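Given next are the chains, with one letter for each unit.
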Amino acid sequence: MPTREAIQKEIADRKQSGQDDVRKRYLRKLSQVSRRDTVIYFSAYNLHFPFPVPPAALSVSQDDIQGFMAALHGLKSDSVDLILHSPGGSLEAAEQIVQYLRSKYKHIRAIIPQNAMSAATMIACAADEIVLGKHSAIGPIDPQMVIGGSPVPAHAILADFEQAKRDIAANPMLGALWGQRFAALPPGFLNLCQQTIDLSKQKVEKWLSDYMFQGKDAAKAKQIADWLGNFDEHRTHGRPIGYDLAHEKGLNVTRLESDQKLQEAVLSVYHATMVTFLSTQCLKIIENQHGKGHYVVAQLIMQPGVPGPMPVSPTQPTAPAPTAPVPPASVPLVPSPPAAPAAQAP
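What counts and how
Residues numbered from 1 in each chain as written. Predicted model: local features only at pLDDT ≥ 70, side-chain atom pairs only at ≥ 80, totals over all residues. Heavy atoms only, no water. Pairing = 2+ DSSP bridges. Helix = DSSP H or I, 4+ residues; strand = E, 2+ residues; numbered from the N terminus. Axes fitted to C-alpha atoms, helices over the stretch in contact; angles between N-to-C directions. Buried < 20%, exposed > 50% of the residue type's maximum accessible area, 1.4 Å probe, protein only. Right-handed = clockwise from strand over helix to strand, strands pointing away. Expected span 1.5 Å × (residues − 1). Contact = heavy atoms within 4.5 Å.

A. View of the sheet that holds strand S9 (residues 253-255). What the seven strands build is an open sheet, ordered S9-S5-S3-S2-S1-S10-S11; its pairing is mixed. Two strands in the sheet have a free side with no partner beyond their single neighbour: S9 and strand S11 (293-297). Sheet twist, expressed as the average angle between the axes of neighbouring strands with direction ignored, equals 15°. Relative to strand S10 (residues 282-288), strand S1 (residues 37-43) runs antiparallel, the two sharing five bridges. Opposite Val39, over in S10, you have Asn288 as the bridge partner.

B. Representation of the pairing of strand S2 (residues 79-85) within the structure. S2 sits mainly inside the fold: seven of its seven residues count as buried. Side chains of S2 alternate between two faces, with Ser79, Asp81, Ile83 and His85 and Val80, Leu82 and Leu84 buried alike. Here S1 pairs with S2 via six bridges, running parallel. Within S2, the residue paired with Tyr41 across the bridge is Leu84. Remark: the S1/helix H3 (residues 63-72)/S2 crossover connection has right-handed handedness. Pairing between S2 and strand S3 (residues 107-112): five bridges, direction parallel. Each residue of the ladder has a partner; that of Leu82, found in S3, is Ala110. Read from S2 through helix H4 (residues 91-104) to S3, the crossover connection turns out right-handed.

C. Representation of helix H6 (residues 154-170). Taking 1.5 Å as the rise per residue, H6 with 17 residues should run 24 Å; its terminal C-alpha atoms sit 25 Å apart, in good agreement. The complete set of buried residues in H6 reads Ala154, His155, Ile157, Leu158 and Ala164. Summarising the contacts, the buried residues of H6 are in contact with strand S7 (144-147), strand S8 (150-153), helix H7 (175-182), helix H8 (189-212) and helix H10 (231-234).

D. Layout of unusual backbone geometry. Even without glycine at this site, Ser118 takes up a positive phi of about 55°. Take Ser118: it is sitting in the loop between strand S4 (115-116) and helix H5 (119-125).

In structure tokens, the structure reads:
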């Protein structure tokens, strides 16, 4: 198996589009090894860029639905390997992606070469099987709510409210202090927090029951969904859950290392895709074994009154390859001004 450094050298020895050629070649080889349709859904998160990239540009979003439509178009198999590397994002987008994938495939294997967190964990739980390496991880599915542009665990907001009730019962003078803290929350926001927590668990429970356990163990599906959504146990939204713990809790997980050829093919695709991110302005790739798909590309531009470059992203799912020149249509990917709190995917 080539290392990331070896792949970087292989790309450097080729023409300008070498990173695309090499990535697509390894992706094609992976499909040949598995004899299944193969789709990568990779985000460039946890990488450092010389320009500001808002988290939303790297997250599971509604735009990804069009990306999956482009990547799955023309594929004929009834089984697919979905190679996931994502920090998560929109719960609603994750649900729509799952609906689309399950309408196309009878058997889905989610392969995680490093991390599939939050809403990406939810997508993995809609697979028939999850493949994890010794270094791989899924994560908790507790929802995050956006307040003032920053994600805050929904459980933490509800916990603060319960603490406020206890404090005020003990000392009514604290009511004014807690009132100031909750004044920025719109009506119904606490209920929204609870509803989002419940929905996250319900979706994962249903998907586990319908697909991974195929209706044979509904109790286990509920137990796992409740565990993945238990903020008090995980304590942090980014807690890595590896093979051993996932297996102990009852998920249908397989070790990537148990199939040497598959491991080498998967990690070669992973390294080649990471090199694509590091050597281009690409932020997200949804691509099949034929090299067709969707690419979110950051384009360095200068905006009046804005110091330094800002990334932009193509709006069309059939955008050119990551190294292609300026896309025909683009929208700015800059953080919005602080606004009223809003729901964020797990």
